[in-house]
Amino acid sequence: MARSGNQTKTGKAFEYACAKVLYEKYNKYTKVCLVDSPQMKTARDAFSKLQYGEQSKYIKGAEAAIRIIDRLEPKLSKISTPMAICLQTDSKGIAGDVRDVLCVRGNEWEIGLSCKHNHEAVKHSRLSDTIDFGRDWFGKSCSQEYFDNVCKVFTPLRKMRDESKAEGNPALWSEIEDKEEECYVPVLEAFMKELKKLDTEYSGEIPALLIRYLIGTNDFYKVIMNEQKRFTQIESININGTLNQSDGKRRAIIDVPLMKLPSKFYEIGFKDGSRNTIIVVCDQGWNVSMRIHNASSKIEPSLKFDVQLIAMPSSILTQIEPWTDIYEYDSSMRMIAEEKVPYGDK
């Protein structure tokens, strides 16, 4: 599912909650700076606009996350070197760094968190007749045959958009009688054919490059807040071996294994009964769902992927931490409400 404006705001609010909890916890042990920036202000504003009860839930979700990460990262409480906590710009994610919250100790060490509020999607990439997904995702350009195939879909869509816009009445996707059969299916078929072709041409490289593209180029902890079930899930994405470092003689309570990347595609095909979703099955336990859709009600010459990892290898350490009683802070929240001071600004 593509993220709505409200999902973006709640995501930003959760980023701020994580940064705030990190600051309040480790400022007790070491010198910590919560870096002020435009993105920090945006996230703080999103958090402050939540109802007080919602703010409490976000803090609880963040606290559960930090309890897990504290057991994995001894250097978070290192005393000798100051630590900066900052939020990254969205453009970093586009460039392949999906981390939202960074904890940095100069040039010697850093870890990052990718914060998700009630959703687990990993990418929202687009396909069109002008986008070379092979080059953008893998550094391996798509063939002319691929572009010829997708042009059969996107060229008419571009014409419909331009002509209807010139008439002052933009064409809508709902006007296409069967958009799945006319647009989604042929584009997905061209995509799957090209993915298999690239895999043949660059034997053994593409499966790993696909996963690296989807989950990011840097190691990080994926933090998923489940508000309905009141727990936080942490997935340790340790591609390069930079997570879980010891601090001198201080070692982590739990070891984070290196993540095993795939080298083979076992199957690439449509999900049973679907005309808009394909499943990519790889070795090492990787299983990817890729749903294509029109991101706007207005016709445009591109389509968007909603990608989810529906299976991951056992080498990814996944932990779940239940929240403490969310009503623990009722009295303090009431006090804040009476003072009319948002929790995020207190």
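Scoring rules and cut-offs
Residues numbered from 1 in each chain as written. Predicted model: local features only at pLDDT ≥ 70, side-chain atom pairs only at ≥ 80, totals over all residues. Heavy atoms only, no water. Axes fitted to C-alpha atoms, helices over the stretch in contact; angles between N-to-C directions. Helix = DSSP H or I, 4+ residues; strand = E, 2+ residues; numbered from the N terminus. Parallel < 35°, antiparallel > 145°, perpendicular 65-115°, else oblique. Left-handed = near helix turned anticlockwise from the far one by under 90°. Contact = heavy atoms within 4.5 Å. Nonpolar A, V, L, I, M, F, W, Y, C, P; charged D, E, K, R; others polar. 1 Å grid on protein atoms, 1.4 Å probe; cavity = no way out; pocket = protein on both sides within 12 Å on 5 of 7 lines; lining within 4 Å. Points joined across faces, edges and corners; volume = space filled by probe spheres on them. Buried < 20%, exposed > 50% of the residue type's maximum accessible area, 1.4 Å probe, protein only. Pairing = 2+ DSSP bridges. Salt bridge = Lys/Arg side-chain N within 4 Å of Asp/Glu carboxyl O. Phe/Tyr/Trp six-rings, centres within 6.5 Å; stacked < 30°, edge-to-face > 60°.

Another point: the packing of helix 6 (residues 144-166) against helix 7 (residues 179-201). Each pair of packed helices can be described by the angle between their axes along with the distance between the axes. For the pair helix 6 and helix 7, interaxial distance at closest approach is 9 Å and the crossing angle is 165 degrees. When the axes of helix 6 and helix 7 are compared, the pair comes out roughly antiparallel. As helix 6 packs across helix 7, the resulting crossing turns out to be left-handed. Across the interface between the two elements, Glu145, Tyr146, Asn149, Val150, Val153, Phe154 and Leu157 of helix 6 pack against Glu182, Cys183, Pro186, Val187, Ala190, Phe191, Lys193, Glu194 and Lys197 of helix 7. Looking at the contact of helix 6 with helix 7 residue by residue, the class counts come to 10 nonpolar, one polar and five charged.

A few words on empty space enclosed by the protein. Scanning the entire structure with this criterion turns up two cavities of 30 Å³ or more. Empty space within the second largest cavity amounts to approximately 40 Å³. As for the second largest cavity, its lining consists of Ser143, Glu145, Tyr146, Asn149, Ala190, Lys193, Glu194 and Lys197. Those elements that provide at least two residues to the lining of the second largest cavity are helix 6 and helix 7.

With six of seven residues buried, strand 10 (residues 287-293) lies mostly within the body of the structure. Sheet analysis places strand 9 (residues 277-282) next to strand 10, joined by five bridges and oriented antiparallel. Each residue of the ladder has a partner; that of isoleucine 278, found in strand 10, is methionine 290. Following strand 9, the chain reverses through four residues before pairing antiparallel with strand 10; glutamine 284 in that reversal takes a positive phi of roughly 65 degrees.

Turning next to the pattern of salt bridges. Applying the stated criterion across every chain, the model contains 23 salt bridges. Linking lysine 193 and glutamate 145 is a salt bridge whose minimum nitrogen-to-oxygen distance equals 2.6 Å. Of this pair, lysine 193 sits in helix 7 while glutamate 145 sits in helix 6, placing them 48 residues apart in sequence. For lysine 193, a relative accessible area of 49% puts it in the partly exposed group. Salt-bridge contacts for lysine 197 lead to glutamate 145; the nearest nitrogen and oxygen are separated by 3.7 Å. In this pair, lysine 197 sits in helix 7 while glutamate 145 sits in helix 6, placing the two residues 52 residues apart along the sequence. Taking relative accessible area as the criterion, lysine 197 reaches 37% and is therefore assigned partly exposed. Residues joined in a network through salt bridges with shared partners are Asp178, Glu180, Glu181 and Arg275.

Approximately 150 Å³ is the volume attributed to the second largest pocket. Every residue lining the second largest pocket is counted, 10 residues in all, and those nearest its centre are Lys9, Thr10, Asp45, Ala46 and Lys49. Looking at the lining of the second largest pocket, the elements with two or more residues in it are helix 1 (5-26) and helix 2 (38-48). The greatest single-element share of the lining of the second largest pocket, amounting to four residues, is contributed by helix 1. Considered class by class, the residues forming the lining of the second largest pocket number four nonpolar, three polar and three charged.

Here we come to the packing of aromatic side chains. Here the distance between the centres and the angle between the planes together describe a pair of aromatic rings. Following the criterion strictly, the structure yields 13 aromatic pairs and no others. Between phenylalanine 14 and tyrosine 58, the aromatic rings sit 6.3 Å apart at their centres with planes inclined by 80 degrees, giving edge-to-face as the arrangement. One end of the pair, phenylalanine 14, is in helix 1; the other, tyrosine 58, is in helix 3 (residues 52-72), with 44 residues separating them in the sequence. One exposure class covers both phenylalanine 14 and tyrosine 58, and it is buried. Between phenylalanine 133 and tyrosine 146 the ring centres are 5.2 Å apart and the planes differ by 75 degrees, which places this aromatic pair in the edge-to-face class.

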